[in-house]
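Each chain, letter by letter, is given below.
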Amino acid sequence: MNTNQTREILLGKQKRLQRRVSMIDADFAQERDDDFEELAVESENDEVLSALQKEAVLELEQITKALHLLDCGKYGKCLDCGKPIEPDRLRVLPYTTLCKRCAT
Ligand SMILES: [Zn+2]
């Protein structure tokens, strides 16, 4: 996979995640019903949403890091041991910064 393809994949993923985060933000900002039962359901929803939000934010951070590494030509190398990251691993996790061995 060449650099441009990788960048496109990362930017596409970044866009999708940013959209997800802002949608969740919008949902949190909505006015809440005062009815008790409704509130219980909503707080359960909130937990799911905030977990999703956290996940998306974490992924976004990794993507930003990967894009930066791409820019300085260090993309695809394990940040821990410096060895190249396995291509099949990069295909599944294009923003990973660790090789299989260091990630486990
Ligand atoms: Zn490694």
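Reading guide: rules and limits
Residues numbered from 1 in each chain as written. Predicted model: local features only at pLDDT ≥ 70, side-chain atom pairs only at ≥ 80, totals over all residues. Heavy atoms only, no water. Helix = DSSP H or I, 4+ residues; strand = E, 2+ residues; numbered from the N terminus. Expected span 1.5 Å × (residues − 1). Buried < 20%, exposed > 50% of the residue type's maximum accessible area, 1.4 Å probe, protein only. Polar contact = N/O pair within 3.5 Å; in protein donor to acceptor, adjacent residues only side chain to side chain. Donors = N, O, S within 2.8 Å, 3.2 Å for Na, K, Ca; no water. Tetrahedral: all angles 85-135°; square planar, octahedral: opposite > 155°, others 65-115°. Contact = heavy atoms within 4.5 Å. pLDDT = per-residue confidence, 0-100. Core = buried A, V, L, I, M, F, W, Y, C linked by side-chain atoms within 4.5 Å.

Compared with an ideal rise of 1.5 Å per residue, which puts 27 residues at 39 Å, helix H1 (residues 3–29) spans 38 Å between its outermost C-alpha atoms and is within 8% of the ideal. Every buried residue of H1 is accounted for by Thr6, Leu10, Gln14, Leu17, Val21 and Ile24. By the N-cap criterion, in which a side-chain oxygen at the helix start approaches the backbone nitrogen of a residue two or three places on, H1 is capped by Asn2, the distance to Asn4 being 3.1 Å.

Turning our attention to the coordination of the zinc ion. For the zinc ion, the protein coordination sphere consists of Cys78 (SG), Cys81 (SG), Cys99 (SG) and Cys102 (SG), at 2.2 to 2.4 Å. Classification of the site at the zinc ion as tetrahedral follows from its four donor atoms and the range of 103 to 116° in their angles at the metal. Judged by its relative accessible area of 32%, Cys81 falls in the partly exposed class. The exposure class assigned to Cys99 is buried, which follows from its relative accessible area of 5%.

A few words now on the side chain of Thr96. Relative to the assigned elements, Thr96 resides in the loop between helix H3 (87–92) and helix H4 (100–103). Side-chain polar atoms of Thr96 contact the backbone oxygen of Leu98, separated by 3.4 Å. Residues within four places of Thr96 in sequence aside, it is in contact with Ile85, Arg89 and Leu90.

Before going further, it helps to examine the confidence of the model for the protein chain. Here the protein chain averages 89 in pLDDT, and 90% of its residues register 70 or above. The lowest-confidence element of the protein chain is helix H2 (residues 36–71), averaging 87 in pLDDT; the highest-confidence one is H4, averaging 96.

With that settled, the discussion passes to the nonpolar core. Counting 16 residues, the largest nonpolar core has Leu10, Ile63 and Tyr75 as the members making the most contacts within it. At the level of secondary structure, the elements contributing two or more residues to this core comprise H1 and H2. In terms of residue count, H2 provides more of this core than any other element does, seven residues in total. In contact with Ile63, other than residues within four places in its own chain, are Leu10, Lys13, Gln14, Leu17 and Tyr95.

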